[in-house]
Amino acid sequence: MNEFFSILKHTTLFRGIQEHELSDMLHCLGASIRSYPKDSFLLRSGDPFSSLGIVLSGAVVLLREDFWGNRTILAKVQPAEMFGETYACLKNTSSVSVQADSDCKVLWLDIHRVLTSCSNACSFHTHLIRNLLSAMAEKNLQLTQKLQITSQRSLREKILSYLSAQSQLAENPEFTIPFSRQQLADYLAVDRSALSSALGKLRDEGILEFHKNRFRLFLR
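What counts, and where the lines are drawn
Residues numbered from 1 in each chain as written. Predicted model: local features only at pLDDT ≥ 70, side-chain atom pairs only at ≥ 80, totals over all residues. Heavy atoms only, no water. Salt bridge = Lys/Arg side-chain N within 4 Å of Asp/Glu carboxyl O. Helix = DSSP H or I, 4+ residues; strand = E, 2+ residues; numbered from the N terminus. Buried < 20%, exposed > 50% of the residue type's maximum accessible area, 1.4 Å probe, protein only. Contact = heavy atoms within 4.5 Å. Pairing = 2+ DSSP bridges. Axes fitted to C-alpha atoms, helices over the stretch in contact; angles between N-to-C directions. Phe/Tyr/Trp six-rings, centres within 6.5 Å; stacked < 30°, edge-to-face > 60°. Lys NZ or Arg CZ within 6 Å of the ring centre and 35° of its normal.

A. Quick peek at the pattern of salt bridges. A full pass over the atoms with the stated rule returns 7 salt bridges. Among the salt bridges present, the one from Glu174 reaches Arg214, with a minimum N-O distance of 3.6 Å. Pair noted here: Glu174 is in strand E9 (residues 174-176) and Arg214 is in strand E11 (residues 214-217), with a separation of 40 residues, a long-range link. What makes Glu174 partly exposed here is its relative accessible area of 32%. For Arg214, a relative accessible area of 36% puts it in the partly exposed group. One network of salt bridges, with partners in common, ties together Glu174, Arg214 and Arg216.

B. Local environment of the environment of Leu217. Note that Leu217 resides in strand E11. Through-space distance from the C-alpha of Leu217 to that of Met82 is 30 Å; in sequence the pair is 135 residues apart. With residues up to four places along the chain from it excluded, the contact list for Leu217 reads Leu163, Ser164, Ser167, Pro173, Phe175, Ile207 and Leu208.

C. Local environment of the sheet that holds strand E7 (residues 97-100). A sheet is described by the order of its strands in space; here 4 strands give the open sequence E2-E7-E4-E5, paired in antiparallel fashion. Each having just a single partner strand, strand E2 (41-43) and strand E5 (71-77) make up the two edges of the open sheet. Strand-to-strand twist across the sheet, computed as the mean angle between neighbouring axes with direction ignored, equals 30°. Two strands pair when backbone bridges link them, and strand E4 (residues 60-65) and E5 are joined in this way by 6 bridges, in the antiparallel orientation. For Leu63, the partnering residue across the bridge sits in E5 and is Ile73.

D. Seen up close, the packing of aromatic side chains. Applying the stated criterion across every chain, the model contains 7 aromatic pairs. Judged by centre distance (6.3 Å) and plane angle (15°), the rings of Phe175 and Phe215 are stacked. Of this pair, Phe175 sits in strand E9 while Phe215 sits in strand E11, and the two are 40 residues apart along the sequence. Each member of the pair, Phe175 together with Phe215, is buried. A network of ring pairs unites the aromatic residues Tyr162, Phe179 and Tyr187 as a single cluster. We note Arg44 situated over the ring of Phe41; from NZ or CZ to the ring centre the distance is 3.8 Å. Residue placement shows Lys146 over the ring face of Tyr187; its charged tip is 4.7 Å from the ring centre.

This is how it looks when you write it as C-alpha cells:
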C-alpha cells in the first residue's frame, strides 16, 4: 500500500492530507487494492455500488451500452482519479459499466466508512467529506462539458468543441487526448469511419494536425 502514497496524496479525495497520515486513514476506511487485466470489467451495469474507486495505475473507462450493444464512453479515469462515488453514496445499482482500459490497479474504499465517523473519532473525516464534495462538484463540471460537446449540431462542431476543450485544459495548442480513435468515436457517440473522415477534412483545411492521439490546433 505504501508504494502508492505518492499517487494518493495527489487525489482530490486526499487533498491536504499529509502522507504520514494516510496509512491510518486507509486502514480506517477499509481500503483494499485489486488488480484487473486489460478489457476486464470491474463492474457491470446493474451491479450494486458500495465502494468508490481510485485508479492507482493503468486506466479504466466508464461506459454505457444500449440494448443492441452500442457503447458510449462517459469518461476515462486515470491514475489519482476517482470513480463510482455518486452510486456509492446513493447505495444504488450502477447504470454504467467500468472496464479496464489497460492492466490496472484500483484502490477501493468503503463509502460508509468514508461518510461515517468511526469509534475512534478520527479527526480527518470532516476534511475527507469536504474533499469528496469537491470531487463530486468537479465531476459535475466534466459532465456538463461533455453535454456541451455532444450537443453540437454537426460532427465537425463536436470534434472542434472537444479538441478546443482539450487544448484549453493543456494550456497549449499541442496536446495528447486520453482516447484512442474508437474511444473518441464512442465518447462523441459517432461512427468511427465518419470521425476519421471528418478529421481528415479538418487536417486538409489546415485547422489541425494529428498523429494517433496527438493533436495540434491552428488559428482559423
